[in-house]
Amino acid sequence: MDEGRASQGFGLKDQPIEKFEQESLGLGEYAEVLTEFIQGCDTPLTIALQGDWGSGKTSLMRLIRDALINRSEKQRYFTVWFNTWQYSQFNMSETLALSMISKITDELVDNQNAVRAHKVKQAIKTTARMAVIGGASFVGQADLVKEVWGIGEQGASKSSSNDAARALEAIKSELAKIVGERTTGPVEKIVVFIDDLDRLIPEKAVELLEAMKVFLDIDKCVFIIACDYSVVTAGLKAKFGIAEGELKGKSFFDKIIQVPFKMPTRRYQVDQYIHRLLDQIGMDFDKTKDIDTYRDLVEQSVGFNPRTMKRLLNTLQLLMILEDKRRVRREEDSLSNDLDDNRRRHACRVTFGILCMLESYEAIYDFITRNLEPSQITSLRDGLATNEQYDDLRHRIQEQAGEEGLENAIEFIRTFVDCLQLDDEEELSTDEVNHF
């Protein structure tokens, strides 16, 4: 056995990494560069870590925070972490912006600015039932605004919309003073991490971005947002009727985000990551041969995404436990150890390939299960690209995955047939395809 079946527990946890020593994707280099940029940048500044669901945005943010707190000169940077998903789950989505301001205020408060913090918190509490974005929700709430800020006194405008604008400015002014007082000592910058924005309803994600621009454009502050750009564009469409390709949509994002950073998924150390995860769940694999196969199967089907990888490997572990129990019942342990290990590695990679196939190319899986002959599978490998007999299958794949998906599917089936083989024979045997 090239890689032993360790006695690890079952399942891979879907949790972001916290420290550099836990990192195996290659994110450490990017975290170091982004940290250096944050340390030297002018403020206020907003950085957006853009990527699909599960692409490693939270892990990268946690590495940056680790670098700022533990790898920088002590106490130069004060960090605040705001998880939008947690707050939105407790019927607080209508006041999410206020929750964010309240969280930041709580984190920054000390004995010197407790009075200012109390005033901000009082304002937040008073207006907590309003949808706060852009100030429009203050309209018609002049009494509440007056109660907290004294706005609407003699000589002030009686217009509630003017009161709303002045209330927003007052909250921002108090926050700026709190930040200013908090950064008069060793602390140079406040770095606020806003996570899981792309797990919100798209309209709420846009509203939170609006609120950030209104309230939090404050000197000495750096905001780092984890977001999926497609969620923001969907929110713009739902809230303002702005389509993704329109200039207004791009302008909205550009006004709020000064530094867009796309997650470097194509540069991840995929081989190293797969190796570590397979080892974690005790799967048998040949580190000199199988890792390339696992990587190719992933890249030609689901595409590399850390969260997707964990989901697939958790399912693989479950199915291999079932396979082990079936083998014991069949009393196949009489096979030599070398052959048994080879067959187990074969079962692992074939099962993983089938999982990738089901995730991305269900039409291919349906075809193979209806034509479960070695010669038919070999014919599919050789003819999927051009053979007329596969016209309907190609059409189904294109409908599901598009033209690029069809090209990936052609490469995938070649890789999959390679991983089916137990020996160096070019032709497949019945024994090699018995996992379907």
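### Describing the sheet that holds strand β1 (residues 45-50)
Consideration 1: Read across the open sheet, the 5 strands follow the order β2-β3-β4-β1-β5; overall the sheet is parallel. The outermost strands of the open sheet, each flanked by one partner alone, are β2 (77-83) and β5 (259-262). Across the sheet, the mean angle from the axis of one strand to that of its neighbour is 15°, orientation sign disregarded.
Consideration 2: Relative to β5, β1 runs parallel, the two being bridged by 4 bridges. Across the sheet, residue Ala48 finds its bridge partner in β5, namely Pro260.

### Side note on the packing of helix α16 (residues 374-383) against helix α17 (residues 391-420)
A pair of packed helices is characterised by two quantities: the angle between their axes and the separation of those axes.
Consideration 1: α17 packs onto α16 with a crossing angle of 120° between their chain directions and a minimal axis gap of 9 Å. Taken together, α16 and α17 sit at an angle that is classed as oblique. Taken as a pair, α16 and α17 cross one another with a handedness that is left-handed. When α16 is examined against α17, the residues Ile377, Leu380, Arg381 and Gly383 are found in contact with a partner set consisting of Leu393, Arg394, Ile413, Arg414, Val417 and Leu420.
Consideration 2: Residues of the contact of α16 with α17, tallied by class, amount to 6 nonpolar, 1 polar and 3 charged.

### Points about the pairing of strand β4 (residues 221-227)
Consideration 1: For β4, the buried fraction is high: 7 of the 7 residues fall into the buried class.
Consideration 2: Alternating positions in β4 separate into two faces, Cys221, Phe223, Ile225 and Cys227 on one and Val222, Ile224 and Ala226 on the other, with burial throughout.
Consideration 3: Inspection of the sheet shows β1 paired to β4 by 6 bridges, in the parallel sense. Bridged to Thr46 within β4 is Phe223.
Consideration 4: Examined bridge by bridge, strand β3 (residues 189-195) and β4 share 5 bridges and lie parallel to one another. Looking at the pairing, Phe193 lines up with Ile224 of β4.
Consideration 5: As for the winding sense of the linkage, the β-α-β connection from β3 through helix α8 (residues 202-215) to β4 is right-handed.

### Describing the nonpolar core
Consideration 1: One finds Ile224, Phe352, Ile364 and Phe416 to be the most contacted residues of the largest nonpolar core, which totals 77 residues.
Consideration 2: Tallying contributions element by element places α17 first for this core, with 11 residues.
Consideration 3: Leave out the neighbours within four places in its chain, and Ile364 touches Met357, Leu380, Leu384, Leu393, Ile397, Ala409 and Ile413.
Consideration 4: Ranked by size, the runner-up nonpolar core spans 40 residues in total, among them Ala205, Phe215, Ile225 and Ile257.

### A look at a negative patch on the surface
Consideration 1: Together, Asp423, Asp424, Glu425, Glu426 and Glu427 line one region of the surface with negative charge.
Consideration 2: According to the relative accessible area criterion, Glu426 is exposed, its value standing at 56%.

Cut-offs applied
- Residues numbered from 1 in each chain as written.
- Predicted model: local features only at pLDDT ≥ 70, side-chain atom pairs only at ≥ 80, totals over all residues.
- Heavy atoms only, no water.
- Pairing = 2+ DSSP bridges.
- Helix = DSSP H or I, 4+ residues; strand = E, 2+ residues; numbered from the N terminus.
- Axes fitted to C-alpha atoms, helices over the stretch in contact; angles between N-to-C directions.
- Parallel < 35°, antiparallel > 145°, perpendicular 65-115°, else oblique.
- Left-handed = near helix turned anticlockwise from the far one by under 90°.
- Contact = heavy atoms within 4.5 Å.
- Nonpolar A, V, L, I, M, F, W, Y, C, P; charged D, E, K, R; others polar.
- Buried < 20%, exposed > 50% of the residue type's maximum accessible area, 1.4 Å probe, protein only.
- Right-handed = clockwise from strand over helix to strand, strands pointing away.
- Core = buried A, V, L, I, M, F, W, Y, C linked by side-chain atoms within 4.5 Å.
- Patch = residues over 30% accessible without salt bridge, like charges linked within 9 Å, V, L, I, M, F, W, Y side chains within 5 Å.
- Areas by Shrake-Rupley, 256 points an atom, 1.4 Å probe, with all protein chains shown as cover.
- Salt bridge = Lys/Arg side-chain N within 4 Å of Asp/Glu carboxyl O.
- Lys, Arg positive; Asp, Glu negative; His and termini not counted.
- Charge placed at Lys NZ, Arg CZ, Asp CG, Glu CD.

By themselves, these are just geometric observations and shouldn't be taken as functional.
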